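Read off the chains here:
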2 protein chains.
Amino acid sequence: MGRVVQKFGGSSVADAESIKRVARRVVATHKAGNDVVVVISAMGDTTDELLDLAHQVTPNPPGRELDMLLTAGERMSAALLAMAINDIGAQARSYTGSQAGVITTSKHGDARIIDITPGRIEKSLEKGFIVIVAGFQGVSQDTKDVTTLGRGASDTTAVALAGALGAQYCEIYTDVDGVFTADPRIVPQARQIPTLSYEEMLEMAASGTKILHLRCVEYARRELVPVHVRSSFSDKPGTWISALDEGNSMEAAIISGIAHDRSEAKITVASVPDTVGKAARIFSIIAEKDINIDMVVQNVAVGGNTTAISFTLPDADRPKAMEALEAAKEEIGFSHMTFDDAIGKVSVIGVGMRTHPGVTATFFDALAEAGINILMISTSEIRISVVIAEKDIDQAVRVAHTAFGFDSDTGEAVVYGGTGR
Amino acid sequence: MGRVVQKFGGSSVADAESIKRVARRVVATHKAGNDVVVVISAMGDTTDELLDLAHQVTPNPPGRELDMLLTAGERMSAALLAMAINDIGAQARSYTGSQAGVITTSKHGDARIIDITPGRIEKSLEKGFIVIVAGFQGVSQDTKDVTTLGRGASDTTAVALAGALGAQYCEIYTDVDGVFTADPRIVPQARQIPTLSYEEMLEMAASGTKILHLRCVEYARRELVPVHVRSSFSDKPGTWISALDEGNSMEAAIISGIAHDRSEAKITVASVPDTVGKAARIFSIIAEKDINIDMVVQNVAVGGNTTAISFTLPDADRPKAMEALEAAKEEIGFSHMTFDDAIGKVSVIGVGMRTHPGVTATFFDALAEAGINILMISTSEIRISVVIAEKDIDQAVRVAHTAFGFDSDTGEAVVYGGTGR
């Protein structure tokens, strides 16, 4: 009796049988009286296969043409899902991103949604059709060329459409049951989290939880679209992400979950002249390369007039960053660089942190008892992150999970009182 | 220099290597100073694979969604060719049929081109880009939905674009060297025809020569686009199809070639009351099913008041036609139907027939000498066709090829004078 957006990922539509299963679920939602808009990813490994084909033709495919090629993947799965829905007696119409009115910037391969003009979708919904939209793609406002929004961005398409269409909520169907207190591959007793605030999900996504893309959660928060992350292989409720009522935040879980990220690396720039602007120059050089820096630590050498600056960044960007810094070695005047890619980050996240002191102490005590050395620390209002050796990550996640009481069925967090954070 | 449209079929772009070869040929044409627009089919078996996928999902895919699915094929090959061209130093832009301004009727799977609005193509050409257009597809004028023009219709896209862009000519690259005096698989000494008139090519296409689609040739004739059919695997000149100068038609070859068609079947409706309108009713029933009848023979029974009507049609349409007639058996009042699908058609075609009598005699004498029985005959101003037993087709093509002098190197036709056609 409302309007719902459902998004299905590549693993949910890997073959004809899966597509038929998705069709049955979509039709059931429609029969329950809802307007249904479905956002779909490319089937299984299609995108990787198309990328492979492009690289057989040229080592450097131009972005415009690569987007033209890759968008064929979602076009195919969208049409096939529409056929499967028609086959079981409902009526569906598939639309490309461009037809659906997904207007983007013109940065091929990583375009941003500027606007949604869902005129054709609205008309189709009025006629009682189920609408299928090819995810991950749009059309550039300036050039009218086909664009893509970056890998995994079908989630963003879905949330943006839900916002533009005034949908009651957006369901993201995936191959897991929802968001967990920790990665169940590391902590088998990890529990599914029933509700999260946008802020918590943002922090989790930024801290390595792979379930939703950062940009998708940002969109959901801005448009206030409730998001339901759930399994396409069961009917169990998943994890709801929404604006938590501030009045309830006292009763919210102190810690919602533990995230980890193995993909970080650390660069140390040694013997930087301790002059105003030298550190700033390092970070502007990195920023010019479109690389995001995570944590920064500056060690002033005792008695000297130089300093060492360490920072973390995605390991994939490390070579590019070091190359750019090396080129500016004389200008900045540092002596040399070192790097460490055998590091990782573990974060504890929860809105309850705001009102419950002692979380940092609980976390750090647990790490200390396990003999895990903390290399760097960063915090936000609702998150504490530590950089540690990569080999220690699994154990750190496990001891934190235990320390915050997630192992027990009751879920009571054990938080030391008193000293504050 | 000029403006050229080049079309490459699926076998010319079967894999990455073939796409690179096509890219080199396109760039060479561009470097010679031409504006180049390329129309491309889907790679190799892509269309069949997509059809197979659709049928795994549903036995009856809706036309709109099937068109959405199938058009992904040309989109992929167009993008890949643009990448390959960029890789060797020229600049290319790929466009879907819709982006290229191919406006069609809304009959999915068999849409007709209504108009071409090539604004984006013109702009790209002005900037010096090579333009790649996905063949076989367009966008419906009424619904703005994606349409397809029917199998093999990329040739039609190419000729229509050549007309709309005022191109000097349209090159159709294929896996044979051009149009031959007969199918070289039947007549190894068959020779390539250097030039044909639109009318001859139309008759050949309608008589079973598979090289160009009838609709494509009709378009070329209407827009007066010279078409060059040639091999994508060599640089040899192929067959030019154009408006032959009437002044030269006396010197044109009397017969241009011999075509055959194994796909015909014959239906005989027996004991039809010999009343006004009964025969007409038979043909209107067939026409309502969108089936084209080729030849018709009516035998009046001696002394009786009934007649037998035989006609030929594509064998694929035979079951549907018989079903429709069976349903009208009482209305028409016939006794029963028989059919024969072991028949075929052999045709000799040439504009010189208009001014040279004796062609029919030469053809029929050759068949008689070979002991081949003629079942039905039909003629046009520049064509003579006979229906014969399917087992006799190869021999009929061979003896006609010899009788019209195509076997010798000089190519002199031996035509009996005197009796007229």
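First things first, this report covers the structure right here in the doc. (Residues numbered from 1 in each chain as written. Chains lettered and ligands numbered in written order. Predicted model: local features only at pLDDT ≥ 70, side-chain atom pairs only at ≥ 80, totals over all residues.)

### Brief notes about the sheet that holds strand 20 (residues 383-389) of chain A
Residue and element names in this part refer to chain A. Read across the sheet, four strands follow the order 13-18-20-19 without closing on themselves; strand pairing throughout is antiparallel. Of all the strands in the sheet, just strand 13 (257-261) and strand 19 (376-380) have a single pairing partner and so form its edges. With direction set aside, neighbouring strand axes in the sheet form an average angle of 20°. Note that strand 18 (residues 343-349) and strand 20 share seven bridges and pair antiparallel. Counted as the bridge partner of S347 is S385 from strand 20. Across the sheet, helix 11 (residues 359-369) touches strand 18 and strand 20, and the angle it forms with strand 20 is around 15°. Together, strand 13, strand 18 and strand 20 form the strand contacts of helix 12 (residues 393-403), whose direction differs from that of strand 18 by roughly 15°. (Pairing = 2+ DSSP bridges. Helix = DSSP H or I, 4+ residues; strand = E, 2+ residues; numbered from the N terminus. Axes fitted to C-alpha atoms, helices over the stretch in contact; angles between N-to-C directions. Contact = placed C-beta atoms within 7 Å.)

### Re unusual backbone geometry
Most peptide bonds take the trans form, and the phi angle of most residues other than glycine is negative. In the Ramachandran plot, F136(A) falls in the positive-phi region, its phi being about 75° despite a non-glycine side chain. Here F136(A) shows up in the loop between strand 6 (130-134) and strand 7 (137-140). Despite not being glycine, S271(B) has its phi angle at roughly 55°, a positive value. With respect to the secondary-structure elements, S271(B) resides in strand 14 (residues 264-273).

### Looking at the sheet that holds strand 8 (residues 146-148) of chain B
Residue and element names in this part refer to chain B. On the basis of which strands lie adjacent, the open sheet formed by four strands has the order 5-4-7-8 and mixed pairing. In this open sheet, the two edge strands, each paired with only one partner strand, are strand 5 (113-116) and strand 8. Taking each pair of neighbouring strands and ignoring which way they run, the sheet shows an average axis angle of 45°. Sheet contacts for helix 5 (residues 154-164): strand 4 (102-104) and strand 5; angle to strand 5, the most-contacted strand, approximately 40°.

### So, the relation of the copies chain A and chain B
The two copies are related by a screw motion: chain A maps onto chain B through a turn of 180° and a shift of 0.0 Å along the axis, at an RMSD of 0.1 Å. On the angle and the small slide along the axis, the relation comes out as a two-fold axis. Of every C-alpha in chain A, the one belonging to A72(A) sits nearest the axis of rotation, 2.5 Å from it. When you check the interface residues of chain A against chain B, 100% turn up at the interface there too, and the contact is symmetric in its surfaces. (Least-squares fit on C-alpha atoms with pLDDT ≥ 70 in both.)

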